[in-house]
Structures are given as structure tokens and as C-alpha cells.
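Architecture at a glance
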Amino acid sequence: ITSLRPVIDSGCSKQALFLFCSSLFPLCSANAPRPVQPCRSLCEQVRKDCFSDAVFSKLWPSYLDCRTLPQPENHGLCMQHPNSLLEPGATRPSSGHHSTPPVSCPINYTLEYDQCVPKCGSSIDAMYNARQKETIEFWTLILSAACFIFTLMSLVTFWTKASKFEYPDRPLLFMTLCYNLMGLCYLERTILHNPRKELIDLLEFRQECNITSQCLAYYIIKNYLLISATTWWLIFGVCWYLSTAKQWSCEALEKKSGLFHVMAWVVPFASPISALLRGNIQKFELTNFCTAKGFTEIPALILLLAGATLILLALIALKRLKSTWNQSETLSKVFVRVLLFAIIYLIPALSAIICTFFERIENPIEPC
């Protein structure tokens, strides 16, 4: 502080002394479990006001790096100069004791443990505004209804012509069933159990942070069905690879159907159960669905890419077979059919997962 006395005495900034003292001696308070540093904006303002001059530029303390200080807009917990929070022309009331510098949290955030966390409740707009939530709700309803209707039509077609859908195409039947049930799950949740349409106790924001059994049930069902659907996609790739590259017959694949069903209906339970046991399930403010970072996206991405790789190998094998078989026209139709289905399925599926990853990066702190 002594070395910085010329800067403080120059009067270049009324906040300079507060910045230097608070950076050397962070705030310790019963409301903050760990020391609270000054805000980055305060540091940058003092540096701009006082140290842009060549006379003082060399006096900037080496221990103070503005870039490492927290920012309220990024949900960081930090201190602002008391006078900087007053309205222009307002005066701070005098008191017989020193007031504690305010701890800054953004609007609709609250101090909990050692960080600013979003308040809970369907009426609280912390990371997303009401219009964004209404837009998501509208498109969730539309897309889930479309998904349910189209997959139901596909299932009816499959079941009326079940004899024509043998391996290696049969996994498509079960993949369609998974997406049909997923669409039904979203529809039921959006129409019948929409928390934004229910009465909320506005005085107890954190009450809704408790994960309810209903929220857990929706998470487990959605996670399970998505992983199961992508597992059937992988099995679809395995079947086509074995049929083309290894020359397996439909009967040989049928004998492995028991293993396929175990892989697709039993193994996917591991993902939601792991998230539940590790306590990683949280409510997501934008949709009010429960979610767990990485427990759905990463397995689904791995399964999608693995299935796509097998489909690619199967298409390469089909292309080789065209040059050796007499029925090249039939193989060409099969080649085009498999290629088109792979493209139509992979593009939206991968896009959804990539968007989820970007959303997680943009908002690393989950509501509740």
C-alpha cells in the first residue's frame, strides 16, 4: 500500500484505495464461506483511471491481475465499492459502525455456499427470459406431437407388414418405438404436468430446487429411451455390416436377436442409474426438465458415431459386391436406401447433441 500512496493521493479514482485493500485483504463474512475478492470491473476501472498515465503505469502491483477476478455477470461472487452502488446524487447514511461492502450477485440469483446460483421456480428467469421459455415450450409441443404421430404411422406400417421387416432392417422397428414413446413422454409432460402453468409459491424460490420423484421419472424415461434408440441404431449398423462385409444371412442375424435385445433394452438403464447414484441430476431452467450433464449426450454421441462408422463400412462392402454380383441394380437400390436413411437420421440426431454440448458450454452453471 505504501508504494501505491502516490496513486491514492493523486485522487485519480475514489475507488483505488478500496481496490488495493480488498485485493490484499479479501472480505470474510458469515454470508460467504470463502474470501470475496473485488470485482473485475472495479479493477479495470481503477486501472483505466489511474494507470494509463505514464507516471503511474509502472506502479501497478504485480499481485493484482484484473483478468483473474470474478465478474457478477458470469455468476461470480465479488465486491463492488460501496459508493458505486448508490444512485447519482444519493448519499450513504452515516452509522456508528463500518458497513460491510456489498456482495454482488446478478438479478434472480442468490448467494448459496461459495457462489451465486440461480433462484428456482418456474416464474424465475435467471439464465433465460420468459419469451425464450415460451418458445421452447411451443416447439417442444409441436415437435413432440409430430414425432409421436409420424412414428405411430411407421409402427402401424411395420406391424401390418411385419414379415417384410427382417434383419438387418428390423432394428428400425424398435428404434421407431423408442422415439414414439419419447414423443409421448414429452407430450404428456408438456400438456398435463407443465410447471409453468401450476401455482407457485413465490416466497420460497428454493423449494422447487428439490428434485421430485416426477422429475426423476421423466429424466429416467427420456434418458433411457434416447440411449436405447441410439443403441438400436448401433445394432442396425452391426447387422448391415455383418450382412454385407461378412455375408451373414437373415437367419444368422435372427439367432443373435436375444443378444441385441439385451444390449438395447437392459444396458441403457446404466446411464440414468449412474446419474442418480452420483447425484448429478438437476433441474434445467429452460425446459424445467431434469437433466444430468454428460450422462445422456456422451453415450448417445458415441453410439451414433459407432453406428455411422459401421454403416459406412457396410456401404463400402455393398459397393464391392455390386461389381461381383449379377443383381447390381437391386444392390444399387439397397445402397441408396441405406445411405438416405443414414443421412436423414444422423443429421438431426447429431445436430441435437452438438447443440446440447454448446448450450452446456455457454451456461456451465445449472439452475437449482
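Just above sits the structure.
Residues numbered from 1 in each chain as written. Predicted model: local features only at pLDDT ≥ 70, side-chain atom pairs only at ≥ 80, totals over all residues. Heavy atoms only, no water.

Attention now goes to the overall build of the protein chain. Scanning the protein chain from N- to C-terminus turns up 11 helices and eight strands. The burial tally for the protein chain puts 40% of its 368 residues in the buried class. Looking at the protein chain alone, contacts between residues at least 24 apart form 76% of all its contacts between residues at least 6 apart. When the accessible surface of the protein chain is split by element, carbon and sulfur atoms take 62% of a total near 21,000 Å². (Helix = DSSP H or I, 4+ residues; strand = E, 2+ residues; numbered from the N terminus. Buried < 20%, exposed > 50% of the residue type's maximum accessible area, 1.4 Å probe, protein only. Contact = heavy atoms within 4.5 Å. Areas by Shrake-Rupley, 256 points an atom, 1.4 Å probe, with all protein chains shown as cover.)

Summed over all chains, the structure comprises five salt bridges. One salt bridge in this structure joins Asp9 and Arg5, with 3.5 Å as the shortest N-O distance. A residue pair is termed a helical-turn pair when its members lie 3 or 4 positions apart in one helix, as Asp9 and Arg5 do in helix 1 (residues 5-10) at four residues. Taking the relative accessible area as the measure of exposure, Asp9 reaches 52% and is therefore exposed. The class for Arg5 is partly exposed, based on a relative accessible area of 37%. (Salt bridge = Lys/Arg side-chain N within 4 Å of Asp/Glu carboxyl O.)

This model, assessed by the stated rule, comprises four disulfides. Each sulfur in the disulfide pair Cys12 and Cys50 lies 1.8 Å from the other. Judged by the torsion about the S-S bond (100°), the Cys12/Cys50 disulfide is right-handed. Linking Cys12 in the loop between helix 1 and helix 2 (16-24) with Cys50 in helix 3 (residues 40-50), this pair joins segments that are 38 residues apart in sequence. Residue pairing for Cys39: its cysteine sulfur links by disulfide to Cys78, the two sulfurs lying 2.0 Å apart. Looking along the S-S bond of the Cys39-Cys78 disulfide, the torsion reads about 80°, which is the right-handed sense. (Disulfide = S-S within 2.5 Å.)

Turning to helix 3, a few remarks are in order. Those residues of helix 3 that sit buried are Leu42, Cys43, Val46 and Cys50. Projected down its long axis, helix 3 shows its buried positions confined to an angular sector of 100°, all on one face. (Arc of directions from axis to C-beta.)

Its place among the elements puts Ser228 in helix 6 (residues 213-244). Judged by relative accessible area, Ser228 falls into the buried class, the value being 0%. Filtering out sequence-adjacent residues up to four positions away, Ser228 remains in contact with Cys178, Ala264, Trp265 and Pro268.

We now examine the side chain of Lys222. Among the structural elements, Lys222 can be located in helix 6. No salt bridge is formed by the buried Lys222; the nearest opposite charge belongs to Glu297, separated by 8.8 Å. Setting aside residues no more than four positions away along its own chain, Lys222 makes contact with Met182, Cys185, Tyr186, Phe289 and Cys290. (Lys, Arg positive; Asp, Glu negative; His and termini not counted.)

Here helix 2 crosses helix 3 at 130°, and the two axes come no closer than 10 Å. Between helix 2 and helix 3, the angle is such that the two are oblique. Relative to helix 3, helix 2 is oriented so that their crossing is left-handed. Every residue of helix 3 that contacts helix 2 at Ala16, Phe18, Leu19 and Phe20 is listed here: Leu42, Cys43 and Val46. Among the residues making up the contact of helix 2 with helix 3, the classes are represented as seven nonpolar, no polar and no charged. (Axes fitted to C-alpha atoms, helices over the stretch in contact; angles between N-to-C directions. Parallel < 35°, antiparallel > 145°, perpendicular 65-115°, else oblique. Left-handed = near helix turned anticlockwise from the far one by under 90°. Nonpolar A, V, L, I, M, F, W, Y, C, P; charged D, E, K, R; others polar.)

Turning to its location among the elements, Pro272 is positioned in helix 9 (residues 270-278). Using a relative accessible area of 1% as the deciding quantity, one classes Pro272 as buried. Residues Pro272 and Tyr219, spaced 53 residues apart in sequence, show a C-alpha to C-alpha distance of 7.6 Å.

Along helix 9, the residues classified as buried are Ser271, Pro272 and Ala275. What you see down the axis of helix 9 is that its buried residues fit within an arc of 95°, all on one side. On its buried side, helix 9 packs onto helix 6 and helix 10 (297-322). Once helix 9 finishes, Gly279 follows within two positions and takes phi at roughly 70°, a positive value.

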